[in-house]
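Overview (structure and organization)
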Amino acid sequence: MTDKIQLTDAEWRERLSPDQYRVLRQGGTERAFTGAYEQNKAAGEYVCAGCGEPLFSSETKYNSGSGWPSYYQPLASDAVEELRDTSHGMVRVEVRCAKCEGHLGHVFPDGPQPTGLRYCINSASLDFKPKE
Ligand code: FE
């Protein structure tokens, strides 16, 4: 388990692009089918755009048709935190980076096997590291 990273709001604003800040630090959602990684099929790892923590692998990415990058599991069970989210009149499970607590997206119980889960993640919260 990695140590938490904590920065001030001003430090996050300086470190992140406006889109990254809006998603990671303000819980925003990018518009469907607009993110950089929705159609990315290359092999590699997706790390947190806020802190660099490895979060998802291309091996568990699949095309959900939702318009956002979708994975059926995180790289490690303790890489992400899952929290109940009742905003916007819905009951959902929010997914955050465990290290910097940045908002990533939500997890839904309609994914493929072997987990049956769909981690629906904003491209803006991720950086892709292609496999060497
Ligand atoms: Fe992070």
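The structure displayed is predicted, hence computed values, not measured ones. (Residues numbered from 1 in each chain as written. Predicted model: local features only at pLDDT ≥ 70, side-chain atom pairs only at ≥ 80, totals over all residues. Heavy atoms only, no water.)

1. A few points about the pattern of salt bridges
For the structure shown, the criterion picks out seven salt bridges. A salt bridge links Glu81 to Lys4, with the nearest nitrogen and oxygen atoms 2.6 Å apart. Of this pair, Glu81 sits in strand β5 (residues 80–85) while Lys4 sits in the segment before α1 (9–15), and the two are 77 residues apart along the sequence. Residue classification places Lys4 among the partly exposed positions, given a relative accessible area of 41%. Arg96 is paired through a salt bridge with Glu94; the nearest N and O atoms lie 3.0 Å apart. Overall, Arg96 belongs to the partly exposed group, its relative accessible area being 25%. Bridged by salt links that share partners, the residues Lys4, Glu81 and Glu101 form one connected network. (Salt bridge = Lys/Arg side-chain N within 4 Å of Asp/Glu carboxyl O. Helix = DSSP H or I, 4+ residues; strand = E, 2+ residues; numbered from the N terminus. Buried < 20%, exposed > 50% of the residue type's maximum accessible area, 1.4 Å probe, protein only.)

2. Quick look at the coordination of the iron ion
Coordination of the iron ion by the protein is provided by Cys48 (SG), Cys51 (SG), Cys97 (SG) and Cys100 (SG), with metal-donor distances spanning 2.3 to 2.4 Å. In this structure, the iron ion is coordinated by four donor atoms arranged in tetrahedral fashion, with angles at the metal of 101 to 115 degrees. Between the donor residues of the iron ion, the gaps in sequence give the motif C-x2-C-x45-C-x2-C. With Cys51 in the loop between β1 (44–48) and β2 (54–57) and Cys100 in the loop between β6 (92–97) and β7 (103–108), this pair connects stretches of sequence that are 49 residues apart. No difference in accessibility class separates Cys51 from Cys100, as the two residues are buried. (Donors = N, O, S within 2.8 Å, 3.2 Å for Na, K, Ca; no water. Tetrahedral: all angles 85-135°; square planar, octahedral: opposite > 155°, others 65-115°.)

3. A look at the side chain of Glu30
Residue position: Glu30 is located in the loop between α2 (18–24) and β1. Arg22 provides the closest opposite charge to the buried, unpaired Glu30, separated from it by 6.6 Å. Within the local environment of Glu30, its side chain forms a polar contact with the backbone nitrogen of Ala124, the two atoms lying 3.0 Å apart. (Lys, Arg positive; Asp, Glu negative; His and termini not counted. Polar contact = N/O pair within 3.5 Å; in protein donor to acceptor, adjacent residues only side chain to side chain.)

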